[in-house]
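Summary of structural features
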Amino acid sequence: MFKTRFFAVMFLMLVFVFACNTGEDSVDNEKATSIDTSMATDAPSVDEPYPLALTDLLGRQIEINEEPKRIIGISPTAMEMLYKVGGMAVGRDSGSKWETSIEALPSVGGAYNPNIEAIVELTPDLIVIEALTQGHMADMLASTRAPIVAVRAASVKDVKDSLILLGKAIDKEDKAEEVAAEMQDRINVAVTGFDESRNLLILISDAD
């Protein structure tokens, strides 16, 4: 009888010790899981493109802290490039009206004489200008405190570089690269079989 009780007591003690250890392991595992989850939550997203540092077509270093939502283009060139890469604007220059939806946007004045007050009223978080004709306005437009990106269309390379630049600025780089590649393909088709010995004159002009 004594031996039977002794073994019964020992068995119960072993069960108790095992249960305690199992409980501690469970608590430790829960703590580790909690820590791992917390660390994963605090970790920054690898895919987040902002803040973003860019060099525009004036050679200026531009910083964009968050994805632009209120963009103003103050040049027909800038506006068409912006929309080509999938962007949208909340304001336009008076010359940008190639379709109804664009013409319906508030005008901020002409490309050569934009209205700073009208621009400020639209609270832009990105302004797009054309480097050759509006580069001298960059300092004046800085008073709006919005990042200012200059594009240019003096060559095919300029156009492609400007499209990619805007694509990066508004987080639509894939679309911009697609548009640039499509443009190059059309150029390649156009010049196939062209006789380079012939002279070719091209005249480019705007309304002003």
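Look up a bit, the structure's there.
Report on the accompanying structure. Since the model is a prediction, treat every value here as computed from it, not as a measurement. (Residues numbered from 1 in each chain as written. Predicted model: local features only at pLDDT ≥ 70, side-chain atom pairs only at ≥ 80, totals over all residues. Heavy atoms only, no water.)

**Focus on the overall build of the chain**
Spelled out, the test is: Where helices and strands are cited, they refer to DSSP runs of H or I of at least four residues and of E of at least two residues respectively, numbered from the N terminus. Exposed residues in this analysis have more than 50% of their type's maximum accessible area, buried residues have under 20%, and partly exposed residues fall in between, with area computed by a 1.4 Å probe over protein chains only. Contacts were defined at the residue level, with two residues in contact if any of their heavy atoms lie within 4.5 Å. With residues, only the protein chains shown are counted as cover, and all accessible areas are computed by Shrake-Rupley using a 1.4 Å probe.
Helix and strand content of the chain: 8 helices and 6 strands. From first element to last, N terminus to C terminus, the chain shows the α and β order α-β-β-β-α-β-α-α-β-α-α-β-α-α. By residue count, 31% of the 208 residues in the chain fall in the buried class. Across the chain, the fraction of contacts at a sequence separation of at least 24, relative to all contacts at a separation of at least 6, is 48%. If you sum the accessible surface of the chain, you get close to 14,100 Å²; carbon and sulfur atoms cover 56% of it.

**Details of the side chain of Glu130**
Operational definition: In this charge count, Lys and Arg are treated as positive and Asp and Glu as negative; neither His nor the chain ends contribute. Salt bridge criterion: a side-chain nitrogen from Lys or Arg within 4 Å of a carboxyl oxygen from Asp or Glu.
Looking at where Glu130 falls in the secondary structure, it is placed in strand S5 (residues 126–130). Put simply, Glu130 is tucked away with no salt bridge, and the nearest opposite charge, on Arg152, sits 6.2 Å away. Excluding residues within four positions of it along the chain, Glu130 makes contact with Ser75, Thr77, Gly135, Val151, Arg152 and Ala153.

**Things to note about the packing of helix H2 (residues 76–84) against helix H7 (residues 156–169)**
Short version of the rule: To obtain an axis, a line is fitted to C-alpha atoms, over the contacting stretch when the element is a helix, and the angle between two such axes runs from 0 to 180 degrees between their N-to-C directions. Should an angle lie under 35 degrees it is considered roughly parallel, over 145 roughly antiparallel, and from 65 to 115 roughly perpendicular; all remaining angles are considered oblique. By convention, the crossing between two helices is left-handed when the near helix turns anticlockwise from the far helix through less than a right angle, and right-handed when the turn is clockwise. Only Asp, Glu, Lys and Arg are considered charged, only Ala, Val, Leu, Ile, Met, Phe, Trp, Tyr, Cys and Pro nonpolar, and every remaining residue, Gly among them, polar.
As a packed pair, H2 and H7 sit with axes 9 Å apart at the nearest point and diverge in direction by 60°. Here H2 lies oblique to H7, going by the angle between them. The crossing of H2 and H7 is right-handed. In this structure, H2 uses Ala78, Met81, Leu82 and Lys84 to contact H7, whose residues at the interface are Val159, Ser162, Leu163 and Leu166. Per-class residue counts for the contact of H2 with H7 are 6 nonpolar, 1 polar and 1 charged.

**Some remarks on the side chain of Asp56**
Filter applied, for reference: In protein, a polar contact means a hydrogen-donor-capable atom and an acceptor-capable atom, both N or O and within 3.5 Å, with residues adjacent in sequence counting only if both atoms are side-chain atoms; elsewhere, any N or O pair within 3.5 Å suffices.
Here Asp56 shows up in the loop between strand S1 (52–55) and strand S2 (61–64). We classify Asp56 as buried; its relative accessible area is 4%. Of the polar contacts made by the side chain of Asp56, one reaches the backbone nitrogen of Leu58; its length is 3.0 Å. Here the side chain of Asp56 touches Arg60 through a polar contact of 2.8 Å, side chain to side chain. Residues in contact with Asp56, not counting those within four places in the same chain, are Ile62, Ile148, Val149, Ala150 and Leu165.

**Here we look at the pairing of S5**
Quick note on the threshold: In this description, strands pair whenever DSSP reports at least two bridges between them.
Counting buried residues along S5, 5 of its 5 residues qualify, which places the element largely inside the surrounding structure. Burial of the side chains of S5 extends over both faces: Leu126, Val128 and Glu130 are buried on one face and Ile127 and Ile129 on the other. Here strand S3 (residues 71–73) pairs with S5 via 3 bridges, running parallel. Paired with Gly73 across the bridge in S5 is Val128.

**Details of the packing of aromatic side chains**
Stated formally: Each pair of aromatic rings taken from Phe, Tyr and Trp, with Trp reduced to its six-membered ring, is defined by centres within 6.5 Å and is described as stacked if the planes are under 30 degrees apart, edge-to-face if over 60, and tilted in the remaining cases.
The tally for this structure, following the rule as stated, stands at 1 aromatic pair. Taken together, a centroid distance of 5.9 Å and an interplanar angle of 85° make the contact between Tyr83 and Trp98 edge-to-face. Taken together, the residues Tyr83 in helix H2 and Trp98 in the loop between strand S4 (91–92) and helix H3 (100–103) connect sequence positions 15 residues apart. Judged by its relative accessible area of 22%, Tyr83 falls in the partly exposed class.

**Here's the deal with H7**
The condition that has to hold: What a helix is expected to span follows from its residue count: subtract one and scale by 1.5 Å.
Spanning 14 residues, H7 covers 20 Å between terminal C-alpha atoms, matching the ideal 20 Å at 1.5 Å per step. Within H7, the full set of buried residues consists of Asp158, Val159, Ser162, Leu163, Ile164, Leu165, Leu166, Gly167 and Ala169. Structurally, H7 contributes buried residues whose contacts are with S1, S2, H2, S5, strand S6 (148–151) and helix H8 (173–191). Taken from the residues just after H7, Asp171 is the one with a positive phi, measuring 60°.

**A word on the sheet that holds S5**
A sheet is described by the order of its strands in space; here 4 strands give the open sequence S4-S3-S5-S6, paired in parallel fashion. Because the sheet does not close on itself, it has two edges, and the strands there are S4 and S6. Note: S5 against S6, 4 bridges, orientation parallel. Residue pairing across strands places Glu130 opposite Val151, the latter belonging to S6. Along the sheet face, H2 touches S3, S4, S5 and S6 and points at about 125° away from the line of S5. Its contacts with the sheet put H7 on S5 and S6, and the angle it makes with S6 is roughly 160°.

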